[in-house]
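# Structural features, examined
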Amino acid sequence: VRAATADRPLWWEDVELPEGSDEGLPSEVDAVVIGGGYTGVTAARELARRGRAVVVLEKEQLGYGASTRNAGFVHPGLKASAAKLEAKGAPGRALLGAGRDAFALLERLIAEEQIDCDFRRDGRLVLAHSEHALEHLRELERTYHDGLHEHARIVPRAELAGVTAATGFHGALEIELGATLQPAKYYAGLARAAAAAGARLFAHTPATSLDRLPGGGFRVGTPRGSVEARDVLVATNGYTDSLFPELRRRVIPIGSFIVATERLDQERAALVSPPGSPGRALLDTRNFLHYWRLSSDSRLVFGGRASFRPSADAQAAEVLEQAMLSIYPQLRGVRIEYDWNGKVAFTFDRLPHFGRVRGVTFALGYCGSGVGLSTYFGTLAGAWIAGEEPPAFAGMRFPTAPLYRGTPWFLPAVGLWYQLLDRVR
Ligand SMILES: Cc1cc2nc3c(=O)[nH]c(=O)nc-3n(C[C@H](O)[C@H](O)[C@H](O)COP(=O)(O)OP(=O)(O)OC[C@H]3O[C@@H](n4cnc5c(N)ncnc54)[C@H](O)[C@@H]3O)c2cc1C
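Let me begin by describing the structure that accompanies this report. Each chain carries its own residue numbering, running from 1 in the written order of its sequence. In keeping with the model being predicted, local features are shown solely for residues with a pLDDT of at least 70 and side-chain atom pairs are shown and tallied solely at 80 or more, while totals for entire chains, interfaces and linings include all residues. Just so you know, side-chain values use all the structure's heavy atoms and leave hydrogens and water out.

### Brief notes about the pairing of strand S2 (residues 54–57)
Buried, partly exposed and exposed residues are distinguished by accessible area as a fraction of the type maximum, computed with a 1.4 Å probe on protein chains only: under 20%, between the cut-offs, and over 50%, respectively. Helix and strand assignments come from DSSP, with helices taken as H or I runs of at least 4 residues and strands as E runs of at least 2, each series counted from the N terminus. Across the two faces of S2 the burial is the same, with Val54 and Val56 and Val55 and Leu57 all buried. Two strands make a pair as long as DSSP finds a minimum of two bridges between them. Pairing between strand S1 (residues 28–34) and S2: four bridges, direction parallel. When the sheet's bridge partners are listed, Ile34 is paired in S2 with Leu57. Each parallel crossover has a hand, and the one from S1 via helix H1 (residues 38–49) to S2 is right-handed. Direction of pairing for S2 relative to strand S8 (residues 200–202): parallel, over a ladder of three bridges. For Leu57, the partnering residue across the bridge sits in S8 and is Phe202. The definition of a right-handed crossover adopted here requires that, viewed with the strands pointing away, the path from the first strand over the helix to the second runs clockwise.

### Topic: the environment of His132
In this structure, His132 sits in helix H4 (residues 131–148). Taking relative accessible area as the criterion, His132 reaches 37% and is therefore assigned partly exposed. Counting along the chain gives 119 residues from His132 to Glu13, while the straight-line C-alpha distance between them is 41 Å.

### Focus on the pairing of strand S14 (residues 290–294)
Most of S14 is tucked away, with five of its five residues classed as buried. Both faces of S14 are covered, namely the face carrying His290, Trp292 and Leu294 and the face carrying Tyr291 and Arg293. Counting the residues that bridge the hairpin from strand S13 (residues 281–284) to S14 gives five residues. Of the strand pairs in this sheet, S14 and strand S15 (residues 299–304) are connected by five bridges, and their pairing is antiparallel. Within the sheet, the bridge partner assigned to Arg293 lies in S15 and is Val301. The turn linking S14 back onto S15 is made up of four residues, and Ser298 within it adopts a positive phi angle of 65°.

### Some thoughts on the packing of H1 against helix H5 (residues 183–196)
In this analysis, axes come from line fits to C-alpha atoms, helices being fitted only over the stretch in contact, and the angle between any two N-to-C directions falls in the range 0 to 180 degrees. At a closest axis distance of 8 Å, the pairing of H1 and H5 adopts a crossing angle of 25°. Here H1 lies roughly parallel to H5, going by the angle between them. As for the relative orientation of H1 and H5, their crossing is left-handed in sense. Facing H1, whose interface residues are Tyr38, Val41, Thr42, Ala44, Arg45 and Ala48, H5 presents Pro183, Tyr186, Tyr187, Leu190, Ala191, Ala193 and Ala194. Just so you know the grouping, Ala, Val, Leu, Ile, Met, Phe, Trp, Tyr, Cys and Pro go in nonpolar, Asp, Glu, Lys and Arg go in charged, and all remaining residues, Gly too, go in polar. Looking at the contact of H1 with H5 residue by residue, the class counts come to eleven nonpolar, one polar and one charged. By the definition adopted for this analysis, an angle is roughly parallel if under 35 degrees, roughly antiparallel if over 145, roughly perpendicular if from 65 to 115, and oblique otherwise. Helix crossings fall into two classes, left-handed where the near helix is turned counterclockwise from the far one by less than a right angle and right-handed where it is turned clockwise. Should any heavy atoms of two residues lie within 4.5 Å, those residues are considered in contact.

### Thoughts on the site of the ligand
Near the ligand lie 39 residues; those nearest to it are Thr39, Glu58, Ser67, Phe73 and Val371. At 2.7 Å from an oxygen atom of the ligand is found a side-chain nitrogen or oxygen belonging to Thr39. Counted as a polar contact is a pair of N or O atoms within 3.5 Å, where, for protein atoms, one must be capable of donating a hydrogen and the other of accepting one, and residues adjacent in sequence contribute only when both atoms are in side chains. One of the side-chain N or O atoms of Asn70 is found 3.3 Å from an oxygen atom in the ligand. The accessible surface values rely on the Shrake-Rupley method and a 1.4 Å probe; as for residues, cover is taken only from the protein chains in view. Here the ligand, which alone exposes 1000 Å², has 98% of that area covered by the protein. We call a residue near a molecule or strand when any one of its heavy atoms sits within 4 Å of it.

Given below as structure tokens:
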């Protein structure tokens, strides 16, 4: 029997999400931002602070997308190794630095805007599901040392019990640069900061058409009327719809699912992370990865890509509960009180992308690691539209695949392939 709170993010209980403007939509502004998640509201904040008239159009309630549904892990966030990024030259090197800069910007914004979001910098623990995966973690350790100059250390299998009671792993990488936060509170703080700076945020206002104006600029249509602007930013990530066929062909929306248990007593909470670091983020190395943490009220929040198939949520919650119990058998009998999901945007090169297509600015494709990066990309997009130079990674080649139009027909097959790899490697 599913709890009454099924299908509802735990984070929504503990926050007042802003409702948005109740004024009419202006007919003309400097910039229209489409999508009201972290990317959209940080861009709007930046533009408004620089004196630009800006509106954010959000199809659903503000923060409806991944920005209030994620696990709240903050980390540099790039899936590629330092070597792969170095091979891309200046844009790759700039992107490598972006992960760390994003982390720093997020910390600065929380302080500057006084965002109360349970931010805790207790590091990260990446657990190897196989010997082969442990080798990869050694490579990642070097990326942190050499590429980012950050501290990371391998925890051998024999010492794992000292850092977590998680079972079934071959060792881990403990990374200092890592934090967790309450994602919806962080979102609400950013959205309020954007509004306080003068941006106007419109909920339940989908962009339904985009036309180029003869004299330059764009007209964006919505059910509430249209708005004209010199610049448009697309900040729709895993929720990108058919309004942007060029972008839809380049991002692969993938569902990610989370369950949260009832509150754990101290003894059970200590199985997950040591009492001195309750804000620690944990994850494993599987392609079908699992990630977990404690919430500030001591629930285990456990997420994963339960399936590449669009499966029923109830089924996903069950799959996750089984995975959680295989890692922490001691939690048998603990109730699952929440389950929910959201969409992340993967890309064919597993890198985020920032650029312009036919004059429209975009920032998306964070591949499931966008809390820090979307904050950073949004802020940079706002600055770029306001006239600053773009970063060196702007306009990096953004690959698509033949026959791909935005419906990921190949995912079930890819999913089976990854499941097989997880078993053999
Ligand atoms: C379950 C889950 C767990 C995650 N965990 C982590 C984590 O721990 N750490 C991490 O770094 N990242 C994590 N992520 C990823 C992270 O949440 C995202 O990368 C980030 O929130 C992206 O922000 P965004 O603003 O770009 O997109 P979103 O927050 O997804 O916002 C896009 C918005 O665009 C709107 N939209 C779409 N089309 C239109 C339109 N035509 N008109 C108007 N609005 C439109 C949508 O309604 C949506 O609200 C997770 C994601 C999920 C789903």
